[in-house]
Each structure stands twice: as C-alpha cells, then as structure tokens.
Amino acid sequence: MVTAAQPLPRAAVRPPRAPAVRHLGPNWYACVMGTSIVATAGAALPLRVPGLRTACTAVWAFALLLLVALLTARSLHWLHHRDQARAHLLDPAAAPFYGCPAMALLAVGGGALTVGRDWLGEPVAVGLDAVLFTAGTAVGLAAAVAVPYLMAVRHRVEPSQASPVWLLPLVAPMVSAAVGPLLVPHLPPGQPRQTLLLACVALFGVSLLATLVMLPVIFARLVTGGPLPLALTPSLFLVLGPLGQSTTAVGQFADVAPGVVPAPYDRGFEVLAVLYGVPVTGFALLWLGLATAHVVRARRAGMRFSMTWWSFTFPVGTCVTGAESLARHTGLAVYEGLAVLLYAGLLAAWAVAAVQTGRGLVSGGLLAGPRPAPAAPRPATARTRSGAAR
C-alpha cells in the first residue's frame, strides 16, 4: 500500500518508438533507383516483345510504392531517431549515401513520363514528374554541396578510405540533367523551354566536372591501396553511374533541342551526343570489365550479400539507357545489341538483389543495425617490450 510518506513508483521507461526503422539508412533508396531503372531502360529497348511495356509499367508502379514506403519510414526515422540520423551524416561511410534519396525521386519521376503515363494519364504523369524532379534536383544539389563540405571539415577522411561511394552525391545532378529534358516539351514555347534545357546542361556540367575531380582519387586508391574490402567491392560498379547517365543526358539534350535552342546550337547537341557518348561508353565498358573481375575475385574470397549489391542495378541501367541513346543517334545495330545485352545483365542483377533483400527483411538481419566488432589486440610497443624484458 502506498502511503504519503512513500515515494510514488517511477514511471516505467518508455520503449523506443518505431524501433524497426532505427537503423534505416539512406542507402535503402538504392532499391528504388534499381527498380525504377529496370522499367525505364526496358521501355526503350530496340525490341518488340509482347507485354514488355506493360511489365515495365508494373515495375515502375512497384518502384513508386517503394518510394512512398521509404519516404514514410525515413520520416519516422528522423522523427523518433534523430540522433541516429545525425550520426549517419557525420559518418564518412554513410554520409555519401545521402545522394541516393535525390536519385530515387528523380528516377521515379522520369519513369512517370516514360512508362507511368500509360496508367496515370499524361496530365497526372507530368504533374508527378514535375514535383519529383523539382524535389530531387533540390535535394541532389544540397547533397552535392553538403557531403563534400562535411568530408572536408568534419569527417577527416584518409586517402586509404576513398571508394566509389564518394561519387553518389556528385552523380545526383547528372540524373537531373538526364530526366529534366523529358519535361521540356510540356512547358510553354520560348524561354521556359530553353531555360529548362540549359539548366539541365548546367547540371550536367556540375556533375561531370565534380566526377572528373573525384574519379582519379578513387582510381589511385584502387591501384595503390589494393582491392577494396569484400563487402565494398560491388561499389566499383557505381563508377558506371556518371558514365552511363552522362551519355544518356547528352542524348536527351539532342532529342529535345530542335525548336528549343536556335541554330546552329540545336545541331551541336546532336554532334555532342555522338562525339561524347561513344568514347565515354567505351570507357564504361572498360570499367565494367575491371569491376566484374574484382567482384569475381571477392566472391571467390567469400563475399556475401549486402546492400552494396544494389550497385549492380542502377549504374548498369544507366549504361543501358546510354547505349539506347547511341543506337538512336548513330543508327548502329551494335549499340542496339549492347543495350539488350546489358539489360539482360541488369535483370539478373536486380532479381538477385531483390530476392536477397527480401530474405534479409524477413529474417530481420538487414535492419538489425551494425554489430560491434571484436576488439583487436593492441600491438606491442617498444616500451611494453622493454618492460616485459625487464
């Protein structure tokens, strides 16, 4: 019996809210990116397969649902686990993944006009793309500035820590450059169309020049520092993202430039699509071979599934859309065949990543958070060795 002299029992500690999303990081948006690119790349294939476009539209609708679910879950994450969300920003291994939310918004928005309009109707698809393009571009530009700033003033990274993951916030403006031209025909003629097109060209420059600065750092780390850790090896495929996406972007510029920019600049975009896209695609194929060799080596060494396996999807998908663009602008069958071959690899990679992610979610392992690593034995110093000798 509780009397006036006795203190009231302390209230029970409340259990943490939304514990399932405590360790939900921004890297999960890669699932949306990889799923959406399967739809948009498949819709533009130079093949006439019955039911292909309907299947692509269904995949895009699934990507849209994934995006809504992730936006909701990440909102709960920031609401109830703000300390963990801030820790992600201050973690040099996690902060670059803040480029993924922007690319997920942009990928789904571009898919709305590519395939989603079949089910949504053109007005709704245009409106959805306009909203997602605006939000994705704003978030992408913020990440492109904020993440390198944090790397310089807070993260204190070492050259040995360089990895292709550092490219993620820098590629987001390139995705804006590639999907933005889809909205150009839906704007009033004249300055509105020209302004959006040239804004996309500026975004292309932002991402391209930033990538050219960062890529040598990553390549030097790979050559001088040896192979990446097993779990991080699939991230080598991320280098394909800016290569394939930039090829796609210049092709989109050429598609919409006639009637938007005055002559001879409209013809210049057509020339740029070929003179830029062909050599960059060649380098992308070289890197694809290099990255594949590293992944095979890592797999033989015991590499297991992790969320980095989604690196096999979106970057490869951008190479598919880049090859499709070159096929349109050159008329060469070799690029049509390349697009089909890369798309087959994309489908296989997406199926493996999706199945393994589903298994991880069912088992709860992918959202359990990082496990503390066992403490490594401290190396003996000269002082401890001399003390032991005495």
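Going by the structure above, here's the rest.
The model shown is predicted, which means the values in this text are computed figures rather than measured ones. (Residues numbered from 1 in each chain as written. Predicted model: local features only at pLDDT ≥ 70, side-chain atom pairs only at ≥ 80, totals over all residues. Heavy atoms only, no water.)

Asks: Just to check I follow, could you spell out the overall build of the protein chain for this structure?
Replies: A count of helices and strands for the protein chain gives 12 helices and zero strands. The order of helices and strands in the protein chain, counted from the N terminus, is α-α-α-α-α-α-α-α-α-α-α-α. Looking at the 390 residues of the protein chain, the share that counts as buried comes to 46%. In the protein chain, of all internal contacts separated by at least 6 residues, the share reaching a separation of at least 24 is 81%. Carbon and sulfur atoms form 68% of the exposed surface of the protein chain, whose accessible area is close to 19,400 Å². (Helix = DSSP H or I, 4+ residues; strand = E, 2+ residues; numbered from the N terminus. Buried < 20%, exposed > 50% of the residue type's maximum accessible area, 1.4 Å probe, protein only. Contact = heavy atoms within 4.5 Å. Areas by Shrake-Rupley, 256 points an atom, 1.4 Å probe, with all protein chains shown as cover.)

Asks: Would you mind showing me how to read the pattern of salt bridges here?
Replies: As a working rule, side chains carrying opposite charge can pair if their charged atoms are close by. Applying the stated rule across the entire model yields three salt bridges. For Asp 255, the salt bridge identified is with Arg 328, shortest N-O distance 2.8 Å. Within this pair, whereas Asp 255 is found in helix α8 (residues 240-256), its partner Arg 328 is found in helix α10 (residues 314-330), the two being separated by 73 residues in sequence. We classify Asp 255 as partly exposed; its relative accessible area is 37%. (Salt bridge = Lys/Arg side-chain N within 4 Å of Asp/Glu carboxyl O.)

Asks: Just to check I follow, could you spell out the nonpolar core for this structure?
Replies: Nonpolar side chains in soluble globular proteins tend to be buried together. Ranked by internal contacts, the top residues of the largest apolar core, which has 108 residues, are Met 103, Leu 197, Phe 204, Phe 237, Leu 240, Phe 253 and Tyr 343. Broken down by element, the residue count for this core peaks at 11 residues, all from helix α4 (residues 100-120). Apart from the residues within four sequence positions on either side, Leu 197 is in contact with Val 184, Phe 253, Val 256, Ala 257, Val 260 and Val 261. (Core = buried A, V, L, I, M, F, W, Y, C linked by side-chain atoms within 4.5 Å.)

Asks: Could you clarify how one ought to interpret unusual backbone geometry in this entry?
Replies: A negative phi angle is the norm for most residues apart from glycine, just as the trans form is the norm for most peptide bonds. Cis geometry marks the peptide bond from Ala 263 to Pro 264, where omega comes out at 5°. Structurally, Pro 264 is set in the loop between α8 and α9 (265-300). Although it is not a glycine, Arg 156 sits at a positive phi angle of roughly 55°. Taking the relative accessible area as the measure of exposure, Arg 156 reaches 60% and is therefore exposed.

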